[in-house]
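Each chain, letter by letter, is given below.
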Amino acid sequence: KDRRAITIAYEIRGDVLREAGRYQEAINAYRESHHKGQNPKRCEDWSPLVSLNKIRECHVDLKEYEQALKVIDKYLKSAEEDKDRGDIARAHEYRGDVLRQEERYQKAIEAYKESLDTGQNPERCEDWSPRSALWEIHKCHVALKEFELALKVIDEYLRSAEEDKDRRAIAIAYKIRGD
């Protein structure tokens with residue numbers, strides 16, 4: 001049997017169930033995908049982070065934020081075991097997303113800053129961009145009515161977009177700044 005194909009099939013099943021609003025069944029399918037992909041050893045060309053992230057998304061859809069944070073802990077542990085700074089940075093960003101949705105804005109900002117620190121130090125990860133975390137920090141500052149801080153973060157976002165020559169992100173930053 002091709003375990004990788006079976007693993008992906010469970011993941012696709014989870015996607016369909018989630019789309020149908022059958023979240024618990026989707027979570028079970030993603031868990032089965034995760035289990036099949038990890039046992040007896042991890043499948044080649046497969047990452048457990050995909051199924052974990054989809055489980056997190058289901059919990060967020062259900063507003064089960066504490067469950068989502070527990071899944072992020074597993075995601076982070078797996079990323080740390082793989083020594084993948086991009087995935088570690090994404091784990092912190094996902095934590096920030098959940099905390100922001102819970103309206104725990106200060107904690108969310110801390111998580112996003114951890115994402116930025118991990119993704120940029122000692123140098124920027126190739127498969128990661130700081131703009132998503134910066135955008136979310138901006139949204140947290142706006143929610144907290146800290147508009148000057150929000151503008152400073154948008155300036156950082158703009159610098160990153162200019163560095164990457166991302167014209168769409170540059171236009172968004174200028175629009176927000178009112179330039």
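Our structure's up above, just so we're on the same page.
What counts and what doesn't
Residues numbered from 1 in each chain as written. Predicted model: local features only at pLDDT ≥ 70, side-chain atom pairs only at ≥ 80, totals over all residues. Heavy atoms only, no water. Helix = DSSP H or I, 4+ residues; strand = E, 2+ residues; numbered from the N terminus. Buried < 20%, exposed > 50% of the residue type's maximum accessible area, 1.4 Å probe, protein only. Lys, Arg positive; Asp, Glu negative; His and termini not counted. Charge placed at Lys NZ, Arg CZ, Asp CG, Glu CD. Contact = heavy atoms within 4.5 Å. Salt bridge = Lys/Arg side-chain N within 4 Å of Asp/Glu carboxyl O. Axes fitted to C-alpha atoms, helices over the stretch in contact; angles between N-to-C directions. Parallel < 35°, antiparallel > 145°, perpendicular 65-115°, else oblique. Nonpolar A, V, L, I, M, F, W, Y, C, P; charged D, E, K, R; others polar. Expected span 1.5 Å × (residues − 1). Polar contact = N/O pair within 3.5 Å; in protein donor to acceptor, adjacent residues only side chain to side chain.

K.L.:
Mind showing me how you'd approach the overall build of the protein chain here?
P.N.:
When its secondary structure is counted, the protein chain shows 9 helices and 0 strands. Seen in sequence order, the protein chain has helices and strands lined up from the N terminus as α-α-α-α-α-α-α-α-α. Its C-alpha atoms put the protein chain at 55 × 35 × 25 Å along the principal axes. Out of the 179 residues in the protein chain, the part that is buried amounts to 44%. Computing the positive centroid from 35 side-chain charges and the negative centroid from 38, the protein chain places the two 3 Å apart.

K.L.:
I keep staring at the side chain of Glu 11 and nothing clicks. Help me out?
P.N.:
Secondary-structure assignment places Glu 11 in helix α1 (residues 3–19). Those residues in contact with Glu 11, other than ones at most four positions away along the chain, are Tyr 30, Ser 33, Trp 46, Val 50, Ser 51 and Lys 54.

K.L.:
What is the right way to read the pattern of salt bridges from this model?
P.N.:
With the rule as written, the count across this model stands at 21 salt bridges. The closest approach of N and O atoms between Lys 54 and Asp 15, which form a salt bridge, is 2.8 Å. Here Lys 54, found in helix α3 (residues 48–61), pairs with Asp 15, found in helix α1; they are 39 residues apart in sequence, far enough to count as distant. Residue Lys 54 is classed as buried on the basis of its relative accessible area of 17%. We note a salt bridge from Glu 123 to Arg 85, for which the minimum N-O separation is 3.8 Å. You can see Glu 123 sitting in the loop between α6 (105–120) and α7 (131–143) and its partner Arg 85 sitting in helix α5 (residues 85–101), a full 38 residues away along the chain. Bridged by salt links that share partners, the residues Arg 18, Arg 56, Glu 57 and Asp 61 form one connected network.

K.L.:
Before we go on, may I ask you to explain the packing of α5 against α6 in this structure?
P.N.:
Helix-helix packing is described using two parameters, namely the angle between the two axes and the distance between the axes. Contact pair α5 / α6: the axes reach a minimum separation of 8 Å and the direction vectors enclose 170 degrees. Classified by the interaxial angle, the pair formed by α5 and α6 is roughly antiparallel. Contact residues: α5 offers Arg 85, Ile 88, Ala 89, His 92, Glu 93, Arg 95, Gly 96, Asp 97, Leu 99 and Arg 100, while α6 offers Tyr 105, Lys 107, Ala 108, Ala 111, Tyr 112, Glu 114, Ser 115, Thr 118, Gly 119 and Gln 120. Classifying every residue of the contact of α5 with α6 gives 7 nonpolar, 6 polar and 7 charged.

K.L.:
When you look at α5 in this model, what are you seeing that I'm missing?
P.N.:
For an α-helix, the turn length of 3.6 residues means that residues three or four places apart are oriented alike. Between its terminal C-alpha atoms α5 stretches 24 Å, which fits the 24 Å expected from 17 residues at 1.5 Å a residue. Among the 17 residues of α5, 15 are classified as buried, and the element is accordingly described as predominantly covered. By the N-cap criterion, in which a side-chain oxygen at the helix start approaches the backbone nitrogen of a residue two or three places on, α5 is capped by Asp 84, the distance to Gly 86 being 3.0 Å.

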